[in-house]
Amino acid sequence: MDATRRHWLLGSLGFAAWTEIASAWQEAQSATTYKTLTPADAAEIDALAATILPSDDTPGAREAGVIFFIDRALTTFDSDKRDAYREGMLAVQRTRASIFPDSASIAALTPEQQMELMRAIEKTEFFELLRTHVMLGFLGPPSYGGNRDQVGWKLIGFEHRMAFTPPFGFYDAAAMKEDGK
Amino acid sequence: MSSVTYRPSDAVDFLIIGAGASGGVVAKELSIAGFSVVVLEQGPYLHENDYRHDEIKYTYLPGLTNDPKVQPITYRKNENEPAKPLKAIEYGRQVGGGSVHFTANYWRFHESDFRERSTFGDVPGSTLADWPITYQDLEPYYTKAEYDLGISGLAGANPFEAPRSKPYPLPPMPVKSSGVLFERATRKLGLHPFPAPVAILSRQYGDRPACTHCGFCESFGCEMRSKSSTLVSVIPIAEKTGRCEIRPNSYVRKIELDSNGRVAGAVYFDAQRREILQRAKTVVLCANGVESAKLLLISKSSRFPNGLANSSGLVGRNLMWDTGTLAQGLFEHPLNEYKGIQVTRVIHDYYQADPKRGFYGGAGIDARFDFYPASFALFGLPPDAPKWGSEYKKMLAEYFTHSMSLLAHDSSLAMERNTVTLDPDLRDAWGLPGVRITFDYHPDDVANLKWVLARQIEILEAAGAKKLWAQPWDAFSPSRHLMGTCRMGNDPKTSVVNRYSRAHNVPNLFIVDGSNFVTAGRQQPTATIQALAYRAADHMTGAAKRGELS
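Residues numbered from 1 in each chain as written. Chains lettered and ligands numbered in written order. Predicted model: local features only at pLDDT ≥ 70, side-chain atom pairs only at ≥ 80, totals over all residues.

With that out of the way, let us pick up the overall build of chain B. Looking only at helices and strands, chain B has 12 helices and 17 strands in total. Once the C-alpha set of chain B is aligned to its principal axes, its extents read approximately 70 × 50 × 50 Å. A burial count over chain B gives 61% of its 550 residues as buried. Sequence-distant contacts, at least 24 apart, represent 73% of the contacts inside chain B between residues at least 6 apart. (Helix = DSSP H or I, 4+ residues; strand = E, 2+ residues; numbered from the N terminus. Buried ≥ 20, exposed ≤ 12 C-beta atoms within 10 Å, placed from the backbone. Contact = placed C-beta atoms within 7 Å.)

The following block contains the structure:
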């Protein structure tokens, strides 16, 4: 990118807008408390989110702060989904209690038990909603409170930039070379 | 911003309803011809500084499109089943309309598109008809649109394209890995790939800079002004004349008819929901193939008890759908398809309907990638892939950068039973009737969708995909190409507007958008919508100068 273009890019958004975005981003990314969820509910939802995207040899829902994204979603643009969460979690808890009668919570289950619970609920509407939120929180813009340190983007190989220069991938690079450009 | 303000009580020469792909063009043409113009737009007036690379705002939430929470829509397959709330149709809802957030594919129709009833014959159960105009009638206006807006492409590269009077004003965009793989595979199969014509600037054009390949075209507004929406191309020219006022947040509830059977203006809700009557000598309805029909159906009077300009009973009928199948493939090396515009190569080999196939239909096929990170995680993996867990994560990490799609753009037959009607049970946030969509495929559409999907699979195989998969042919997705509901024709009994997009029954009312389409072509309707708009504006200018409109 030449200097003129870079200047133009910065100029187009305006310095005020950039600082505003940066501070909103920082605030969202550093949340450690909940606005809508109770800490107890949050721990249970977090256990489900971490089963959908586990922390294994790469970061998962926990490292991305997905639970803080979900709390923020239910506080703001998806506040009308609170009932769906309340009812959905009640149903999941009933399923847990029937499969594991001696258990006290989802968070206290072993990872294997959590996976078994997930298989029991993966056809439900609530699973679809939860999975949607987990993916938005893992791979959506960090300004919404998830995707912390861009761990989701790094995992899938997405680089967020305002400008790229071709070639973009292996095959167009090879074709360019063949064409002698 | 507009430099002129008109008083609603003073009749302007032209009142345009809708500032989208067609409304923006008509506004520019009429205002530079010297007429006073007011444009009423439902949505806000946004600019490049308002846009973000925000996948949640523009794909999960209706950041730039109609919001069914305030403008409810219901859908049913046929009139025997109950209509259920569903965002079955989607349109751009801001100044610039759909031209702001579209993928920017910019195909001209072929010569054959205008004469398929004559060349293919009758298709029982459909209302397949010839257009009242030919490709040659529209050619000068396609060219004008390409030069006014800024289109990139390579003339002559598509052996099936209709004759053109001028090349594209800008060279094609750089080819992506999907385009390279597609080009090799289709050539191997004896087909004819060509660079996608797109409404995106490959070079600086006027005061607008070249595309920076950020990858956020489809569903997003362009922060660079490099996507050639009407918002950044023709609307600023209209405003500069000092004769055109764009009025955003202005939602029309009725077109007014006077006692002589001529329209006198339109009543709209302003941002504070006050009702205002803007008077006009001529009304040009450019609200899109669903909203235009809706407004006509709402605008009833003793002269037009079934809706304005609806003596034929065809307003809202013959709705054609945004059809096409998606097939995907995984490759050995990274493609990084998220970078750059969505589409760089296309074929039109299967475009023309061929009776030998045993059904009516055809398609264009493009190589593309129009997923963003979260939407890929939700919808981009093969149907048999796990939906969660460590294996799922591993697949995401590989597939996002190593896969591409082929999207087909299929024909959609017009049928009178596919309709836009007013939902009797639903009201929007302003108290207007909600839209009810009734749509189901013609059997030939189904046969065509399946046949074309098999062609897509062949191409992916020839491209060397190490795994390939397809979405089911009948996977429901909302229609963004809204066509057919105010059909163009010579006979007032079988069409709503004449060959110049002028209402048959109301001399000073024009309807100019996708609703005019007699056939759906092979989707990608924007170029044809805009060519029709240039042509209609030419006719309006002539009619006004002859004194027919005052």
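Let's shift gears to the overall build of chain A. In terms of helices and strands, chain A carries 10 helices and 0 strands. Listing every helix and strand of chain A by position from the N terminus yields α-α-α-α-α-α-α-α-α-α. Counting across all 181 residues of chain A, residues that qualify as buried make up 32%. For chain A, long-range pairs separated by at least 24 residues make up 63% of all intrachain contacts whose partners lie at least 6 apart in sequence.

All names here are of chain B. Pairing within the open sheet is mixed, and its 4 strands lie in the order β4-β3-β15-β14. Edge positions in the sheet fall to β4 (84-85) and β14 (419-427), since each of these pairs with one other strand and no more. Relative to β4, strand β3 (residues 73-76) is paired through 2 bridges, and the arrangement is antiparallel. Across the sheet, Thr 74 pairs through a bridge with Pro 85, a residue of β4. Across the face of the sheet, helix α8 (residues 291-298) comes into contact with β14 and β15 (433-438) while running at roughly 65 degrees to β14. (Pairing = 2+ DSSP bridges. Axes fitted to C-alpha atoms, helices over the stretch in contact; angles between N-to-C directions.)

Omega for the bond connecting Pro 166 of chain A with Pro 167 of chain A falls within 30 degrees of zero, at 5 degrees, which places this linkage in the cis form. Relative to the helices and strands, Pro 167 of chain A is located in the loop between α9 (151-156) and α10 (170-178). Positive phi, normally seen in glycine, also occurs at Arg 273 of chain B, with a value near 60 degrees. When you line up the elements, Arg 273 of chain B lands in the loop between β8 (263-269) and β9 (275-285). With a phi close to 50 degrees, Asn 336 of chain B is a non-glycine residue in the positive phi region.

As a further point, take helix α1 (residues 21-32) of chain B. In an α-helix there are 3.6 residues to a turn, and that puts residues three or four apart on one side. Residues and elements named next belong to chain B. Along its 12 residues, α1 runs 18 Å from first to last C-alpha, staying within 8% of the 16 Å computed at 1.5 Å per residue. α1 sits mainly inside the fold: 11 of its 12 residues count as buried. Taken as a whole, α1 has its buried residues at Ala 21, Ser 22, Gly 23, Gly 24, Val 25, Val 26, Ala 27, Lys 28, Glu 29, Leu 30 and Ser 31. (Expected span 1.5 Å × (residues − 1).)

Another point: the interface of chain B and chain A. At the junction of the two partners, chain B supplies 40 residues and chain A supplies 41 residues. Here the side of chain B that touches chain A gets 6 residues from one element, more than from any other, and that element is helix α10 (residues 390-402) of chain B. Of the residues belonging to the side of chain B that touches chain A, the class tally is 20 nonpolar, 11 polar and 9 charged. (Nonpolar A, V, L, I, M, F, W, Y, C, P; charged D, E, K, R; others polar.)

With that settled, the discussion passes to the pairing of β3 of chain B. Relative to β15 of chain B, β3 of chain B is paired through 4 bridges, and the arrangement is parallel. Looking at the pairing, Ile 73 of chain B lines up with Val 435 of chain B of β15 of chain B.

Turning next to the packing of α1 of chain B against helix α12 (residues 526-545) of chain B. A pair of packed helices is captured by two measures, namely the crossing angle of their axes and the spacing between those axes. Residues and elements named next belong to chain B. Relative to each other, α1 and α12 sit at 30 degrees, their axes nearing to 9 Å. With respect to each other, α1 and α12 are oriented roughly parallel. Crossing of α1 over α12 shows right-handed handedness. Facing Ala 21, Ser 22, Val 25, Val 26, Glu 29 and Leu 30 of α1, the residues of α12 in contact are Thr 526, Ile 529, Gln 530, Ala 533, Tyr 534, Ala 536, Ala 537, Met 540 and Thr 541. Tallied by class, residues from the contact of α1 with α12 come to 10 nonpolar, 4 polar and 1 charged. (Parallel < 35°, antiparallel > 145°, perpendicular 65-115°, else oblique. Left-handed = near helix turned anticlockwise from the far one by under 90°.)

A few words now on the environment of Thr 119 of chain B. Residues and elements named next belong to chain B. With respect to the element layout, Thr 119 can be found in helix α4 (residues 116-120). A residue is classified by how many C-beta atoms lie within 10 Å of it, and Thr 119, with 13 of them, is partly exposed. It is 32 Å that separates the C-alpha atoms of Thr 119 and Tyr 147, two residues lying 28 residues apart in sequence.

Right, let's talk about the packing of helix α3 (residues 39-52) of chain A against helix α5 (residues 66-75) of chain A for a bit. All names here are of chain A. Across the interface, α3 lies against α5 with an axial gap of 9 Å and an inter-helix angle of 120 degrees. Taken together, the axes of α3 and α5 lie oblique to each other. Relative to α5, the crossing made by α3 is right-handed. Here Ala 42, Ile 45, Asp 46 and Ala 49 of α3 lie close against α5, whose contacting residues are Val 66, Ile 67, Ile 70 and Asp 71. In terms of residue class, the contact of α3 with α5 is made up of 6 nonpolar, no polar and 2 charged.

A few words on the domain arrangement of chain B. All names here are of chain B. Here chain B is partitioned into domain 1 (8-152 + 218-322 + 415-436 + 482-550) and domain 2 (169-196 + 324-410 + 440-478). One C-alpha centre belongs to domain 1, the other to domain 2; they are set 30 Å apart. Taken together, the contacts link 30 residues of domain 1 with 28 residues of domain 2. Going through the elements one at a time, α2 (55-60), α4 and α5 (135-149) are the ones with two or more residues in the side of domain 1 that touches domain 2. Of the residues assigned to the side of domain 1 that touches domain 2, the class counts are 9 nonpolar, 13 polar and 8 charged. (Domains from an automatic or database assignment.)

This part covers the confidence of the model for chain A. Per-residue confidence for chain A gives a mean pLDDT of 89; residues scoring 70 or more make up 86%. Low confidence marks residues 1-16 of chain A, where pLDDT is under 50. Its contacts with residues over four positions away, or in another chain, come to 10 contacts. (pLDDT = per-residue confidence, 0-100.)

Our focus in this paragraph is the sheet that holds strand β13 (residues 403-410) of chain B. Residues and elements named next belong to chain B. Taken in spatial order, the 6 strands make up an open sheet running β5-β11-β12-β13-β10-β16, and their pairing is antiparallel. The two strands at the open ends of the sheet, each matched to only one other strand, are β5 (194-195) and β16 (467-470). Where strand β12 (residues 363-368) meets β13, 6 bridges bridge the pair, whose relative direction is antiparallel. Across the sheet, the residue bridging to Gly 364 is His 409, located in β13. Sheet contacts for helix α6 (residues 177-188): β11 (343-347), β12 and β13; angle to β11, the most-contacted strand, approximately 15 degrees.

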